[in-house]
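Structure assessment
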Amino acid sequence: MVTSISASFPHLILPKGQIKDGLYSALRDAILDGRLKASTKLPSSRALAEMMSISRNSVLAAIERLLDEGYLFTKPSSGTYVAEVVPDQLIHIQESSEKTTINHHHTLNINPNMDALLSSWREQACSSQKKRIFHVGVGCIDLFPHQLWGKLLTRAWRQSYYQLGQFHDPRGYLPLRQAICEYVQSTRGLNCNEQQIIIVNGTQQAIHLTAYALLQANDEVCLDEPGYDAAFNIFRSFGAQVNLIESDEEGMQISKITDHYSKSKLVYTAPSHQFPLGGTLSLARRFALLDWANSQEKWIFEDDYNSEFRYGTHPIQALQGLDQQQRVIYSGTFTKMMFPEFRLGFMVVPEALIETFSTAKYYTDVRSSYLEQVALALFIQQGHYARHVRKVRKACYERQQALIQAINEHLSDIVEVQPTDSGIHLIGWLKGTWSEQDFINHCSALDLAIQPLSRYCQITTKKAAVLIGYAAHQPKEIIENIKELALILKK
Ligand SMILES: Cc1ncc(COP(=O)(O)O)c(C=O)c1O
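Since this is a predicted model, take the numbers as computed values, not measurements.

Focus: the site of the ligand
Around the ligand lies a shell formed by Gly 137, Gly 202, Thr 203, Gln 204, Tyr 228, Ala 270, Phe 275, Asp 303, Tyr 305, Thr 333, Thr 335 and Gly 345. Tallied by class, the residues present in the shell around the ligand amount to four nonpolar, seven polar and one charged.

What to know about the packing of helix 16 (residues 436–445) against helix 17 (residues 475–489)
It is the contact of helix 16 with helix 17, at a shortest axis distance of 10 Å, that shows an interaxial angle of 120°. The angle between the axes of helix 16 and helix 17 places the two elements in the oblique class. In the crossing of helix 16 with helix 17, the sense of the turn from one axis to the other is right-handed. Here His 442, Cys 443 and Ala 445 of helix 16 lie close against helix 17, whose contacting residues are Leu 485, Ile 488 and Leu 489. Of the residues assigned to the contact of helix 16 with helix 17, the class counts are five nonpolar, one polar and no charged.

Section: the domain arrangement of the protein
Along its sequence, the protein is carved into domain 1 (2–87), domain 2 (127–137 + 393–489) and domain 3 (142–386). The gap between the C-alpha centroids of domain 1 and domain 3 is 55 Å.

What about the sheet that holds strand 6 (residues 220–225)?
If you walk across this open sheet you meet the eight strands as 5-12-11-10-9-6-7-8, and the pairing is mixed. Strands at the two margins of the open sheet, each flanked by one partner only, are strand 5 (197–200) and strand 8 (251–252). Two elements, strand 7 (residues 241–248) and strand 8, share two bridges in a ladder whose sense is antiparallel. When the sheet's bridge partners are listed, Ser 247 is paired in strand 8 with Met 252.

Rules and cut-offs
- Residues numbered from 1 in each chain as written.
- Predicted model: local features only at pLDDT ≥ 70, side-chain atom pairs only at ≥ 80, totals over all residues.
- Near = placed C-beta within 6 Å.
- Nonpolar A, V, L, I, M, F, W, Y, C, P; charged D, E, K, R; others polar.
- Axes fitted to C-alpha atoms, helices over the stretch in contact; angles between N-to-C directions.
- Helix = DSSP H or I, 4+ residues; strand = E, 2+ residues; numbered from the N terminus.
- Parallel < 35°, antiparallel > 145°, perpendicular 65-115°, else oblique.
- Left-handed = near helix turned anticlockwise from the far one by under 90°.
- Contact = placed C-beta atoms within 7 Å.
- Domains from an automatic or database assignment.
- Pairing = 2+ DSSP bridges.

If you want it as C-alpha cells, here you go:
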C-alpha cells in the first residue's frame with residue numbers, strides 16, 4: 001500500500017505485512033534517512049490515522065514502539081517529537097568504539113594475559129560458528145527429546161516457583177547433585193559423595209574455577225600436547241607457565257612430568273579419551289601419575305568430556321575412581337550428550353577443596369541456573385538420560401561407520417582414518433603433499449567445520465591431519481558431504 005499523508009510530512013511507504021509494523025518501519029526509516037528531522041513534531045495519532053487511512057490503534061502501537069526504542073519522545077501537553085539523538089546513532093558509536101578496543105587493546109590497560117585468549121578467539125572460535133556440518137565437539141542434537149525436555153522444564157517451573165526467589169547452595173541443586181553422584185558411581189566408578197559435587201556451566205567453567213582457585217602467576221601446569229586449546233589459553237590467562245607433555249601409544253608421557261616438570265602444581269589431562277587424538281592413558285601411567293600427585297601433593301584435573309560416548313567396549317574407570325588420596329579434580333559435562341547450548345556440567349572435587357571451590361563458584365557467577373538444574377534432575381531420575389545415552393551411542397557408532405566408509409570410498413587417496421571405540425570426531429591423516437591449510441581452504445568453500453590438527457598444537461605438528469566431527473549428522477548427510485568434498489578436492 002502506498003500512502004501520502006500531507007505536504008509537510010515525508011512520503012511514507014508501508015511495506016506488506018502487519019500495518020502497525022509497516023508504519024513503525026516507515027517512520028523509523030524516515031527518521032534515520034533524515035526525511036523526518038530531529039525535534040519535528042508528529043501529527044496527532046488521530047490525524048496520522050486519518051491521513052494514512054489506517055486504524056488509530058495501529059498508529060498508537062507503532063508510536064509506542066518508537067517511543068520505547070528512543071526514536072521519539074513526548075513533551076507533556078504538547079505532543080510527540082523526533083528524538084535529538086536516535087538509537088542507531090548510539091549503536092553506531094558503540095560499534096566503532098568496539099573496533100577501537102580490539103585494535104588498540106594494548107593501550108587500554110587490558111591484562112596482557114588476555115592476548116592468548118583474544119587471538120585464539122579471533123582466529124578460531126568465532127569463525128566456526130558459521131559452518132554447516134562436521135563440527136567438532138557437537139553431539140547428536142537431532143536425537144535429543146526436545147518435547148519431553150520442554151515438559152520437564154514446565155514441570156520444573158511449576159514445582160520451583162517458590163524456590164526461585166531464595167538463595168541456594170552455590171554447589172547447585174541437591175537432588176541433581178545426588179542423581180549425578182549415583183550415576184557417576186555406577187557408570188564411571190567414581191569414589192565420591194554428593195557433598196563433593198559442584199554444578200558448573202560446562203567444563204570450560206570447571207577449568208576456569210580450577211585456575212582461579214589453585215593458581216598464582218608463574219605457577220607451572222602440565223598439559224597434553226596436542227591438547228585442548230581452551231584449557232591452554234585459560235591457564236595462560238591466569239599467568240601460569242604451561243609445560244607441554246606429548247603422548248605416545250600409552251598416552252601422556254607421565255615420566256616427563258615426574259622427571260622434568262616436578263615443580264608443576266597441576267596436571268590437566270583427559271585420560272579416558274585424550275583430546276584431540278583420542279588415546280587412552282595406560283593403567284601403569286595412571287598409577288604413576290596418582291603416585292606422583294600423592295607423594296608431591298599435586299593436583300590432577302581429569303577432563304572426562306567424552307566418557308559417555310563409548311561403542312561396544314566397557315567404559316574405562318575414571319582416574320578419580322582409582323585415586324585413594326583425593327588428588328583428582330574430576331570434571332564431566334552435559335553439553336555433548338544434551339546439546340551445545342545446554343551449559344551445565346559438574347565437578348567432583350576432593351573433600352578438602354569443597355569450600356574453596358564453592359567459594360570460587362560463588363564469586364564467579366553465584367550459582368548455575370536453577371530451573372535447568374531441576375529439569376535435569378528429573379531427566380536423570382526418571383531414566384530418560386540413561387535411555388538417551390544408549391540411543392546416542394548406537395547412532396554415533398553408525399555415524400562413525402558412515403564417515404569411515406565414505407572416506408574410504410571417495411577420499412582414500414587423500415585422507416586416512418582409523419575407527420575409534422569412543423569420541424565424537426575422527427582424525428583424518430592427510431596423505432601425499434596435502435597441507436592442512438590447502439585441505440581446510442577447500443572445506444571452507446563448502447562451509448564444512450573440519451578443523452586442522454595444528455589448531456590444538458602449541459609445538460609445530462609433524463604430520464598433517466584434520467578433525468572431523470560426525471555425531472550431529474545422519475549417515476546420508478555425512479556421505480553426501482564427503483562425496484561433495486571429494487569432488488572439489490580432486491578438481
Ligand atoms: C577436551 C574438551 N574438554 C571439554 C569440552 C567441553 O567443554 P564444555 O563442557 O564447556 O562444553 C570440550 C569441548 O569440545 C573439549 O574438547
